[in-house]
Amino acid sequence: MCGICGYIGTCIDDSVLRLMAESLNHRGPDGSGCWTNDVSAFGHTRLAIIDLSEAASQPMSTSDGRYTIVFNGEIYNYHELRGKLQQSGEIFQSASDTEVLLLGYRKWDRQVLDKLRGMFAFAVWDDYRRKLFLARDRIGIKPLFYAPLEKGMVFGSEIKAILKHPCVGKDINPAAVDSYLELGYVPGPETIFRNIYALSPGCWLQYQENQFKIGQYWIPNFSQPPVEKNEAELIEELDNKLNEAVSSHLVADVQVGAFLSGGVDSSLVAAVAQKHVE
């Protein structure tokens, strides 16, 4: 779990960015970093999982300085994507999945989202096109919030970081309060604060020339054909899928642990994981 934050505008203040990043220190105890230029500012707090070296620190920029990224999450198929990028001539300076994501975006633009397997929330600044791009994983494991400004926008892993920006108000959203009292939660993309929104799962957001554009790159498909397999075949398929999914999540350069609630699901995941780490 890392923390990302930042904003776009014409008045960049390092102290504001530091306050935003400091509010996310609990998400990333292993390091922090800030990056600014004339119109954009990125902050990051790091929980080191893959490539513990300084080469994997964030914010991370391409060698030519055109693209800069802050990223929270993990890309499980980053080895595969790294190989494809190297075959196309890309040169890496780290062993991190962050750099794979950064160079993948440079090569494939937002189509990189179709190639990713993982949990993620990230922001990329394209200095040539003066474009900010945000994206969130398919089912929204990693959080990402944003607030439009008169000339710019603010984003963060948590709303508390966004509220550190002096141009963001703290007015309560009455409709969201009503929804919370009725449903027990606030349906996205609304939040409890007026003018602060959650980027929906499976969606991307582009900000360029003071224009917002939001798109959905993935939609769950529940219209599956009837199952024509017997019980033994279904059990084997479930076992294969479970082992493949759990093993892919064990990619890390640190020790991996599991939280057990005592239920069937967590116990099963822990048992399968043990098979793959022995």
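Residues numbered from 1 in each chain as written. Predicted model: local features only at pLDDT ≥ 70, side-chain atom pairs only at ≥ 80, totals over all residues. Heavy atoms only, no water.

Caption draft 1: Geometry of the state of the cysteines. Evaluation of the coordinates by the stated rule reveals zero disulfides. Just so you know, Cys5 is unpaired, no disulfide at all, and the nearest cysteine sulfur is the one on Cys34, 6.8 Å from it. Under the relative-accessibility criterion, Cys5 is labelled buried at 1%. (Disulfide = S-S within 2.5 Å. Buried < 20%, exposed > 50% of the residue type's maximum accessible area, 1.4 Å probe, protein only.)

Caption draft 2: Quick peek at the packing of helix H6 (residues 231–248) against helix H7 (residues 264–277). Across the interface, H6 lies against H7 with an axial gap of 9 Å and an inter-helix angle of 70°. In terms of orientation, H6 and H7 fall into the roughly perpendicular class. When H6 is examined against H7, the residues Leu242, Asn243, Val246 and Ser247 are found in contact with a partner set consisting of Leu268, Val269, Val272, Ala273, Lys275 and His276. For the contact of H6 with H7, the residue count by class is six nonpolar, three polar and one charged. (Axes fitted to C-alpha atoms, helices over the stretch in contact; angles between N-to-C directions. Helix = DSSP H or I, 4+ residues; strand = E, 2+ residues; numbered from the N terminus. Parallel < 35°, antiparallel > 145°, perpendicular 65-115°, else oblique. Contact = heavy atoms within 4.5 Å. Nonpolar A, V, L, I, M, F, W, Y, C, P; charged D, E, K, R; others polar.)

Caption draft 3: The pairing of strand S9 (residues 152–156), seen in detail. In terms of residue burial, S9 counts as a mostly covered element, since five of its five residues are buried. As paired elements, strand S1 (residues 3–8) and S9 share four bridges and run antiparallel to each other. Bridging from a neighbouring strand, Gly6 pairs with Phe155 of S9. Pairing analysis gives five bridges linking strand S8 (residues 145–149) to S9, with the strands arranged antiparallel. For Pro148, the partnering residue across the bridge sits in S9 and is Met153. Connecting S8 to the antiparallel partner S9 that follows it, the hairpin turn spans two residues. (Pairing = 2+ DSSP bridges.)

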